[in-house]
Number of protein chains: 2
Amino acid sequence: MNFELTKPFLDELKLHLYKKNDKQVLKICDRLLAPDVAEILKILNFKESKYLLSILNDEFSADVLVEVEEDIREKLLNDLSTDEIVEDVLENLDSDDAADVIQKLPDKVQKEVISKISHATDVVDLLSYEDSSAGALMAKELIKVKEEWSVVRCVSEMRIQAKKVENVYTIYVVNDKNQLTGTVSLKKLLLSEKRSQINKIFDNHVISVKSETSDEEVARIMNKYNLVVLPVVNNRNELIGRITIDDVLDYVKEEAEKDYQLASGISESIEPNDSIINLTKARIPWLIIGMIGGLIGAQIIGLFPIKENPILAFFIPLIIAMGGNVGVQSSAIVVQAIASKNLGVQHWTKRLAKEVGVALLNGIICSLIVLIVCFLLYSQIKIGIIVSVSLVTVMLFASLFGTFVPIILNNRRVDPALATGPFITTMNDVIGLFIYFSIAEFII
Amino acid sequence: MNFELTKPFLDELKLHLYKKNDKQVLKICDRLLAPDVAEILKILNFKESKYLLSILNDEFSADVLVEVEEDIREKLLNDLSTDEIVEDVLENLDSDDAADVIQKLPDKVQKEVISKISHATDVVDLLSYEDSSAGALMAKELIKVKEEWSVVRCVSEMRIQAKKVENVYTIYVVNDKNQLTGTVSLKKLLLSEKRSQINKIFDNHVISVKSETSDEEVARIMNKYNLVVLPVVNNRNELIGRITIDDVLDYVKEEAEKDYQLASGISESIEPNDSIINLTKARIPWLIIGMIGGLIGAQIIGLFPIKENPILAFFIPLIIAMGGNVGVQSSAIVVQAIASKNLGVQHWTKRLAKEVGVALLNGIICSLIVLIVCFLLYSQIKIGIIVSVSLVTVMLFASLFGTFVPIILNNRRVDPALATGPFITTMNDVIGLFIYFSIAEFII
């Protein structure tokens, strides 16, 4: 049965924890998996969490600590000595999870811990790779066999290697120089003759990445080839690790959230549980940009004799809103095209021509409506013309601007999603106002 | 070696295709995987694509057709008879891929095709599940063994079942009533004694979903438990299929893109390659909303004697921009909290209190800046006060509005990401103007 966190369940667990009724607690937890317990820790207080982890076996509680949210983990680990962190937690983890946990420790504790772990070479090695690279994502645990081995030898070799590897999806085949030459599936191994040689049955169509490959590229490759696990090699094509899909799924989710936050004007990764100060810090930069835009807008309007033509002020919100909306739409399409690698340089002209077409069509439709409304509401044909012409111009400009900005940002290696945020909206506001009042000046 | 699509490669392939030099083409394709060929088809013209597929073996070309983009597949399948579609394509596919391909066929062809496929029951069964449910995502192919079997019997049974299953990650264990009771990994099977009974070695902690479970929930569960494959059961807990992570990865990506598009004011899923008319259709609804907002804004400004106080017009862009930015920021945080299930009803009050705190802090900072700038630039203390007070009020309002709207939308089962789009911006524009001019009226 799948676990569901209910109030009666929680009350029962809390009661047993309070009474230090270890047997009952263990009986309850026996039905749970590590992510379930991590979910429960979110709700328990610190004392309860600590006690719960202390009575679970070390391997299970280490898994829980990997799954639990960062701030809770930090508190729980702070309470342990470095010896306990090493022996009870890190020794029970895969190298990639251990490296992740270590990376989040305070500098001083980190150093002490590293000097104490027994599989130090693996973990320290992982810590040396650059962030956001395949090397930082991979785990060192994997099963590899040699081309000339028989199936029987492979299985006995697996008995030794497999202890360290929790989930085995693929067995890697290497040559004498430890270079990756292919893979053999467990299914194939199970179904082949005992005496067959690996080089007769293995698959030499193997996709791999270098340790310096970016996580973005790793995600793209695993997604493209529907891979569950991806081997990592060094520059000599020697097998050094493997990346599993669950790490990539997290990456894909985080990336999507980042784009969305950028588009919504939030500058850093934040959680709803962050403090008011942190939330303010993440949001104020965009607000300041918006404010500067608004003040520049005020100056632009001030240049125009608005007193003589107050009715022009009526349409400021319309011009601004439309410019902003069109700009964000155009940017979003380009950002998604860039993200899915759908946009080659050779497609730029086509892309622009199409964007102009869409903007013109939308602009003409909207302008006609505005022209009619202006005439009906204010019976001013001249104002109607000024607003309509400005609207088409602003929409056309915003669509070009919205298309170019993310492309330029991307070429300068800035996240193009930035373009769909307040930055482009503010620029559009200012330039839109300028276009509107220039056209007004000219026609009036 | 990983494949990279280069111009020299393409030129060579095209030349061989043109010369109908089948041997060379096959030699080139032997190094490629189906997603690579799908990538190449994006660039080849229809005649070349058709010829290329015709010389590849049926199984490989069927895999390519699954990977290729929808519009290309449609054209290529249109060119085949229903017999060819059945025998050359569908018979070579897993049930879930076959069902996907069938679903995209024109109604008439669909009916003919269904009547002809041999594994019709499986595929037709899959077609009967509701869209966006676990049933629609799953494949019927899986390997199941009985609790009381020995390891030897399992392996010989797998020989029969495994032919139909391309990637085997887990073997499912069922009882006499075909009810799912656990799993056994291939690793365990390989490393266990031949005569061990499955019920001695299998893992009975199995996570499963019902066929009617939503794809959102499927993605959440697979992500939470780091699963590569998830079994699907019916209401009697009988094993009926399995979902693999690659399908869920696609879902996660599409969902993220949908949220982002909604936030950017694009109403339907579009590709940069869509026609101008489709692109316009996806974008004009939001523009019309923005326009109506702009016209209402004009009316609101018209209510106020702007002619006597033209300087008030200067700050319209500022008020609008800040209201919009704050509203979108607040919505985005709530939308993400809803998506990650971080927001219980019990947290509402806390959420709101915090949002008010952040808005007030941001509002006061921005207002002070505006007050100073107004004084320096226009030396009008009264105007400065009007703008500052309006700014705080509008920002406070926008943050509350931005927090509530996604929660309300979510409760009414509308995608809350809609709130971060032009809808909320437009509402904020209108209400912000109203607040601004009301305060001005009151103070002046």
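Residues numbered from 1 in each chain as written. Chains lettered and ligands numbered in written order. Predicted model: local features only at pLDDT ≥ 70, side-chain atom pairs only at ≥ 80, totals over all residues.

**A look at the domain arrangement of chain A**
Along its sequence, chain A is organised into domain 1 (7-128), domain 2 (144-244) and domain 3 (276-443). Spacing between the C-alpha centres of domain 1 of chain A and domain 3 of chain A amounts to 51 Å. (Domains from an automatic or database assignment.)

**Notes on the relation of the copies chain A and chain B**
The transformation that overlays chain A on chain B combines an axial shift of 0.0 Å with a rotation of 180°, and the residual RMSD is 0.2 Å. Such a combination of rotation and displacement between the chain copies is what one expects of a two-fold axis. Both copies contact each other with a shared surface, as 100% of the interface residues of chain A are interface residues in chain B too. (Least-squares fit on C-alpha atoms with pLDDT ≥ 70 in both. Contact = placed C-beta atoms within 7 Å.)

**Topic: the pairing of strand 2 (residues 170-174) of chain B**
Residue and element names in this part refer to chain B. With respect to burial, strand 2 is a largely interior element, four of its five residues being buried. Two strands pair when backbone bridges link them, and strand 1 (residues 144-146) and strand 2 are joined in this way by three bridges, in the parallel orientation. Along strand 2, the bridge assignment pairs Lys144 with Tyr172. Crossover handedness for the path strand 1 to helix 12 (residues 151-161) to strand 2: right-handed. (Buried ≥ 20, exposed ≤ 12 C-beta atoms within 10 Å, placed from the backbone. Helix = DSSP H or I, 4+ residues; strand = E, 2+ residues; numbered from the N terminus. Pairing = 2+ DSSP bridges. Right-handed = clockwise from strand over helix to strand, strands pointing away.)

**Some thoughts on helix 15 (residues 215-224) of chain B**
Residue and element names in this part refer to chain B. Listing the buried residues of helix 15 in full gives Asp215, Val218, Ala219, Ile221 and Met222. One side of helix 15 holds all its buried residues, which, seen down the axis, span an arc of 165°. Close packing links the buried residues of helix 15 with helix 11 (134-137), strand 4 (209-210), strand 5 (229-233), strand 6 (239-244) and helix 16 (245-263). Phi turns positive one or two residues past the end of helix 15, at Asn226, with a value near 50°. (Arc of directions from axis to C-beta.)

**Some words on the interface of chain A and chain B**
Across the contact, 90 residues belong to chain A and 90 residues belong to chain B. Examining the composition of the side of chain A that touches chain B, we find that 16 residues originate from one element, helix 17 (residues 276-303) of chain A, more than from any other. Of the residues contributing to the side of chain A that touches chain B, the split by class is 57 nonpolar, 21 polar and 12 charged. (Nonpolar A, V, L, I, M, F, W, Y, C, P; charged D, E, K, R; others polar.)

**Side note on the pairing of strand 3 (residues 180-185) of chain A**
Residue and element names in this part refer to chain A. In terms of strand pairing, strand 2 (residues 170-174) meets strand 3 through five bridges, oriented antiparallel. If you follow Val174 over to strand 3, its bridge partner there is Leu180. The antiparallel pairing of strand 2 with strand 3 creates a hairpin that spans five residues between the two strands, and Asn178 there sits at a positive phi of about 70°.

**Let's talk about the nonpolar core**
Among the nonpolar cores identified, the biggest contains 206 residues, and A:Val218, A:Ile319, A:Met322, B:Val218, B:Ile319 and B:Met322 are the most heavily contacted of them. Residues in contact with B:Ile319, not counting those within four places in the same chain, are B:Ser390, B:Leu391, B:Val394, B:Gly432, B:Leu433 and B:Tyr436. (Core = buried A, V, L, I, M, F, W, Y, C linked by C-beta atoms within 7 Å.)

**Looking at the sheet that holds strand 3 (residues 180-185) of chain B**
Residues and elements named next belong to chain B. What the three strands build is an open sheet, ordered 1-2-3; its pairing is mixed. Looking at strand neighbours, the two that pair on one side only are strand 1 and strand 3, the edges of this open sheet. Geometrically, the sheet is characterised by an average inter-axis angle of 35° between neighbouring strands, direction not taken into account. (Axes fitted to C-alpha atoms, helices over the stretch in contact; angles between N-to-C directions.)

**A closer look at unusual backbone geometry**
Both trends apply: most residues other than glycine have a negative phi, and most peptide bonds are in trans. All names here are of chain B. Non-glycine residue Lys20 carries a positive phi angle of around 50°. Assignment of secondary structure puts Lys20 in the loop between helix 1 (7-18) and helix 2 (22-30). The class for Lys20 is exposed, based on 10 C-beta atoms found within 10 Å. In this model, Ser132 sits at a positive phi of 60°, which is unusual for a non-glycine residue. Classification of Ser132 by C-beta neighbours within 10 Å gives partly exposed; the count is 13.

**Topic: the confidence of the model for chain A**
Residue and element names in this part refer to chain A. When pLDDT is averaged along chain A, the result is 86; 95% of the residues meet or exceed 70. Ranking the elements of chain A by mean pLDDT puts helix 16 (residues 245-263) last, at 78, and strand 4 (residues 209-210) first, at 95. Quick note on the complex model: pTM equals 0.76, ipTM equals 0.76. (pLDDT = per-residue confidence, 0-100.)

**So, helix 1 of chain B**
With 12 residues, helix 1 of chain B extends 16 Å from end C-alpha to end C-alpha; this agrees with the ideal 16 Å at 1.5 Å per step. A positive phi of about 50° marks B:Lys20, the residue just after helix 1 of chain B. (Expected span 1.5 Å × (residues − 1).)

**Some thoughts on the packing of helix 3 (residues 34-41) of chain B against helix 5 (residues 58-67) of chain B**
Residue and element names in this part refer to chain B. Contact pair helix 3 / helix 5: the axes reach a minimum separation of 8 Å and the direction vectors enclose 60°. Of the two possible hands of crossing, helix 3 and helix 5 adopt the one that is right-handed. Judged by residue contacts, Ala34, Pro35, Val37 and Ala38 of helix 3 engage Phe60, Asp63, Val64 and Glu67 from helix 5. The residue makeup of the contact of helix 3 with helix 5, split by class, is six nonpolar, no polar and two charged. (Left-handed = near helix turned anticlockwise from the far one by under 90°.)

**A word on the packing of helix 19 (residues 316-339) of chain A against helix 17 (residues 276-303) of chain B**
Two numbers describe a pair of packed helices, the interaxial angle and the distance between the axes. Across the interface, helix 19 of chain A lies against helix 17 of chain B with an axial gap of 8 Å and an inter-helix angle of 160°. Taken together, the axes of helix 19 of chain A and helix 17 of chain B are roughly antiparallel relative to one another. Between helix 19 of chain A and helix 17 of chain B lies a crossing whose hand is right-handed. Together, A:Pro317, A:Leu318, A:Ala321, A:Met322, A:Asn325, A:Val326 and A:Gln329 of helix 19 of chain A and B:Arg283, B:Trp286, B:Leu287, B:Gly290, B:Met291, B:Gly293, B:Gly294, B:Leu295, B:Gly297 and B:Ala298 of helix 17 of chain B make up the contact between the two elements. For the contact of helix 19 of chain A with helix 17 of chain B, the class distribution of residues is 10 nonpolar, six polar and one charged. (Parallel < 35°, antiparallel > 145°, perpendicular 65-115°, else oblique.)

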